[in-house]
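Structural description and commentary
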Protein chains: 2
Amino acid sequence: MTEETTRSPEFVQSLERGLAVIRAFDAEHPQLTLSDVARMTGLTRAAARRFLLTLVELGYVHTDGRLFSLRPRILQLGYAYLSSLSLPEVAQPHMEALVAQVHESCSVSVLDGPEVVYVARVPTKRIMTVGISVGTRFPAYATSMGRVLLAAQPAEWLDDYLARADLRPLTRRTVTDPGKLRSALKKIATQGYAIVDQELEEGLRSLAAPIRGDNDSVIAAVNVSAHASRGSSETIRKELLPPLLATAGRIEEDLRAGLNR
Amino acid sequence: MTEETTRSPEFVQSLERGLAVIRAFDAEHPQLTLSDVARMTGLTRAAARRFLLTLVELGYVHTDGRLFSLRPRILQLGYAYLSSLSLPEVAQPHMEALVAQVHESCSVSVLDGPEVVYVARVPTKRIMTVGISVGTRFPAYATSMGRVLLAAQPAEWLDDYLARADLRPLTRRTVTDPGKLRSALKKIATQGYAIVDQELEEGLRSLAAPIRGDNDSVIAAVNVSAHASRGSSETIRKELLPPLLATAGRIEEDLRAGLNR
């Protein structure tokens, strides 16, 4: 466990530990031994064994006796969240229309603490595809959607975020100064969109706009990202901002229409 | 809890119950009260409250004090599985090429007990989009990918499946007789593909082929689905089977090439 916080007396530690065991598996560690899981979660071997065997019995984990791996049933858990959101379903056709029009990939994400999480994505047809899918997470400060979402947070939340956030340089252009980031967010809140120029990855520019729900609150962000070869930030703003804002507007309209569904 | 099975003495019941609380949320129930969760999971109100508050503390559930809903962090759990699979990433560009060629949607799924679970999907650009996404589940017996996957199971597994499966008619064409289903699966195993003609949904025909991994074992299925207006089953077989088999072959080739990654 990496976090040390005060837990309520009713906190179910077994649930926390079981979920940590699930999260130990990822692209770099699709198969783990009992010892791996114990080491990665900080559990004793005996405890790790109990959780793994429980997950095997529940059909979430497969084992050959030595190696453990996740089974597709695990998707039920994330799917519960995705299917409970009407946003991806509502956004999808509008995202597809935008991609067909501008020939760049389009994504929708929401804020989860200091990170953005992709909840919908329509890649453009290119020979080079980027390995981003629903569930992908990026630090909010270095992405256009993240900045749009940060810019919409209440002042106290943002103060706290800027005081604690680990603003690491991901490229040589990443804004890592909290004061500069705060100014950028103010500008974004006023202008209603964000451009990020190669701060997450060299050669990648991205343009994002907010998606507003009930009460005009920002519930998500939608973006288009373009390779630097498409043109300067200014070219991207000129060419892609109007269709992006139109797309955000159509998604908002459909969300409003479906509010009583 | 719907299942009554013998649990090992080391079984962690709190983990099972916590996961059941997560699964209580879905498209029809994105927001639940404490009483809803207690009723849907069979837990006491006191127990449901402990699990919900634990999930709130861990950042997986949001509450306004009365209503509970899942938060995007939940995606981490399913994402652990998806990112641990190389299959969706490897399959994606080949699926996109197939969709561009045949103008029908393409999906890849794996078997999870009696159901298929979608792990990758490339929809075609149509005005009508079907609400299928990664994580969607269908009963295997009524789908083309399910039949391809069932046909590849060991004999004992299949006997057990056919003896217990709840083969309900989903349309008036669904094969619900275990003997007829067994014959269909035998044919599929021999011919190397499955066609399902409006057995899952009226107006929907689908064609699936196996994806073989290491040791020639079937690890997944890939399909294309077409509206009935595209033509008869025979037309679909003639037009779509050659490109589908070619796509399956390319995915297998890339999987083999990546075996040592």
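In this convention, every chain numbers its residues from 1, walking through the sequence in written order. Each chain is given a letter, starting from A, and each ligand a number, starting from 1, according to the order in which they appear as written. Note on the predicted model: pLDDT of at least 70 is required for a residue's local features to be given, and 80 or more for side-chain atom pairs to be given and counted; whole-chain, interface and lining totals, by contrast, use all residues. To obtain the side-chain values, all non-hydrogen atoms of the structure were used and water was disregarded.

1. Focus: the overall build of chain A
Labels follow the DSSP assignment, with helices taken as runs of H or I lasting at least four residues and strands as runs of E lasting at least two, numbered in each case from the N terminus. Scanning chain A for helices and strands turns up nine helices and nine strands. Each of the three principal axes of chain A carries a C-alpha extent, and together these read 60 × 40 × 40 Å. For each residue, the accessible area found with a 1.4 Å probe, counting protein chains only, is set against the maximum for its type, and the residue is called buried under 20%, exposed over 50%, and partly exposed in between. A total of 261 residues make up chain A; the buried ones form 50% of that total. Whether two residues are in contact is decided by their heavy atoms: any pair within 4.5 Å suffices. Long-range pairs, those at least 24 residues apart, make up 54% of the contacts in chain A with a sequence separation of at least 6. When the accessible surface of chain A is summed, it comes to about 12,400 Å², and 50% of that surface belongs to carbon and sulfur atoms. Neither His nor the chain ends contribute to the count of charged residues, in which Lys and Arg are positive and Asp and Glu negative. The location of each charge is read from NZ of Lys, CZ of Arg, CG of Asp or CD of Glu. Counting 31 positive and 30 negative side-chain charges, chain A places the averaged centre of each group 3 Å from the other. Note on areas: Shrake-Rupley with a 1.4 Å probe; residue coverage comes only from the protein chains shown.

2. Looking at the interface of chain A and chain B
On the chain B side, the residues contacting the 59 residues of chain A number 59 residues. Buried surface at the junction of chain A and chain B, summed over both partners, amounts to about 5,600 Å²; 62% is from carbon and sulfur atoms. One speaks of a salt bridge when a side-chain nitrogen belonging to Lys or Arg is within 4 Å of a carboxyl oxygen belonging to Asp or Glu. Where chain A packs against chain B, one counts six salt bridges. Note that Asp112(B) is salt-bridged to Arg73(A), the shortest N-O span being 3.2 Å. What qualifies as a polar contact is a pair of N or O atoms within 3.5 Å, subject to a donor-acceptor requirement within protein and to the restriction that residues adjacent in sequence count only when both atoms come from side chains. Inspection of the chain A/chain B interface yields 12 residue pairs in polar contact (both at pLDDT 80 or more). Taken together, the elements giving at least two residues each to the side of chain A that touches chain B come down to α1 (13–23), α3 (45–57), α4 (75–84), α5 (87–102), β4 (105–112) and β5 (115–122) of chain A. If one sorts the elements of the side of chain A that touches chain B by residue count, α4(A) sits on top with 10 residues. Accessible surface is computed with a 1.4 Å probe, and the buried area is the amount of it that two parts give up when combined, taken over both parts together.

3. So, the relation of the copies chain A and chain B
Related by rotation about an axis and a shift along that axis, the two copies of the chain form a pair. Turning chain A through 180° and shifting it by 0.0 Å along the axis lays it on chain B, with an RMSD of 0.1 Å. Given the turn and translation reported, the copies of this chain are related as if by a two-fold rotation axis. Here 98% of the contact residues of chain A are again contact residues in chain B; the copies associate through an equivalent surface. Only residues with pLDDT of at least 70 in both copies count here: their C-alpha atoms drive the least-squares fit that superposes the copies.

4. Here's the deal with the side chain of Arg121(B)
Inspection of the secondary structure puts Arg121(B) in strand β5 (residues 115–122). Of the buried charged residues, Arg121(B) lacks a salt bridge, with Glu96(A) as the closest side chain of opposite charge at 8.1 Å. A polar contact of 3.0 Å, which involves the side chain of Arg121(B), links it to the side chain of Ser107(B).

5. So, the nonpolar core
As used in this record, nonpolar core signifies buried Ala, Val, Leu, Ile, Met, Phe, Trp, Tyr and Cys residues forming a set joined through side-chain atoms within 4.5 Å. Residues Leu19(A), Leu87(A), Val108(A), Leu19(B) and Val108(B) are the most contacted members of the largest nonpolar core, which totals 118 residues. Apart from the residues lying within four places of it in its own chain, the contact partners of Leu19(A) are Leu15(B), Leu19(B), Ile22(B), Leu55(B), Leu58(B), Tyr60(B) and Leu77(B). Among the nonpolar cores identified, the runner-up in size contains 23 residues, and Phe138(A), Leu149(A), Leu181(A) and Ala194(A) belong to it.

6. Thoughts on the sheet that holds strand β1 (residues 32–33) of chain A
A pair of strands is labelled paired if DSSP reports no fewer than 2 bridges between them. The three strands are arranged β1-β3-β2 (chain A) in an open sheet whose pairing can be described as antiparallel. Edge positions in the open sheet fall to β1 and β2 (61–63) of chain A, since each of these has one partner strand only.

7. Observations concerning the UniProt feature "domain: HTH iclR-type" (unreviewed entry) in chain A
UniProt positions are given in the numbering used here, feature names are shortened, and annotations may be inferred rather than shown by experiment. Following the UniProt record, the feature "domain: HTH iclR-type" (unreviewed entry) maps to residues 12–72 of chain A here. Strand forms 15% of residues 12–72 of chain A and helix 52%; the C-alpha atoms that close the span are 25 Å apart.

8. Quick word on the pairing of β5(B)
Residue and element names in this part refer to chain B. For β5, the tally of buried residues reaches seven of eight residues, placing the bulk of the element in the interior. Sheet topology note: the strand β4 (residues 105–112)/β5 ladder contains seven bridges and is antiparallel. Within β5, the position partnered with Ser-107 by the bridge is Arg-121. Connecting β4 to the next strand, β5, in antiparallel fashion are two residues, including Gly-113 with a positive phi near 60°. As defined by bridge partners, β5 adjoins strand β6 (residues 137–139) across three bridges and the pair is classed as antiparallel. What sits directly across from Glu-115, in β6, is Pro-139.

9. Description of the environment of Ser107(B)
All names here are of chain B. For Ser-107, the position within the fold is in strand β4. Note: C-alpha distance between Ser-107 and Ala-97 (10 residues apart in sequence) is 12 Å. Beyond its immediate chain neighbours, meaning those up to four positions away, Ser-107 contacts Met-95, Tyr-118, Ala-120, Arg-121, Met-145, Ala-221, Val-222 and Asn-223.

10. Considering the packing of aromatic side chains
Residue and element names in this part refer to chain A. Planes of paired rings set the category: under 30 degrees apart is stacked, over 60 is edge-to-face and the rest tilted, where pairs are Phe, Tyr or Trp rings (Trp by its six-membered ring) whose centres lie within 6.5 Å. Taken as a whole and judged by the stated rule, the model has four aromatic pairs over all chains. For the pair Tyr-118 and Phe-138, a centre-to-centre distance of 5.9 Å together with 75° between the ring planes defines the contact as edge-to-face. Taken together, the residues span a long stretch of sequence, with Tyr-118 in strand β5 and Phe-138 in strand β6 (residues 137–139) at a distance of 20 residues. Comparing Tyr-118 with Phe-138 shows no difference in burial state: the two are buried. Their ring planes at 10° and their centres at 5.6 Å tell us that Trp-157 and Tyr-161 sit as a pair that is stacked. Here Trp-157 pairs with Tyr-161, and both are found in helix α7 (residues 155–164), just four residues apart, close to one helical turn.

11. A short note on unusual backbone geometry
The phi torsion at Gln198(A) lies on the positive side, around 60°, for a residue other than glycine. Not every positive phi belongs to a glycine, and His103(B) is a case in point at roughly 60°. Within the secondary structure layout, His103(B) lies in the loop between α5 (87–102) and β4. By relative accessible area, His103(B) is classed as partly exposed at 48%.

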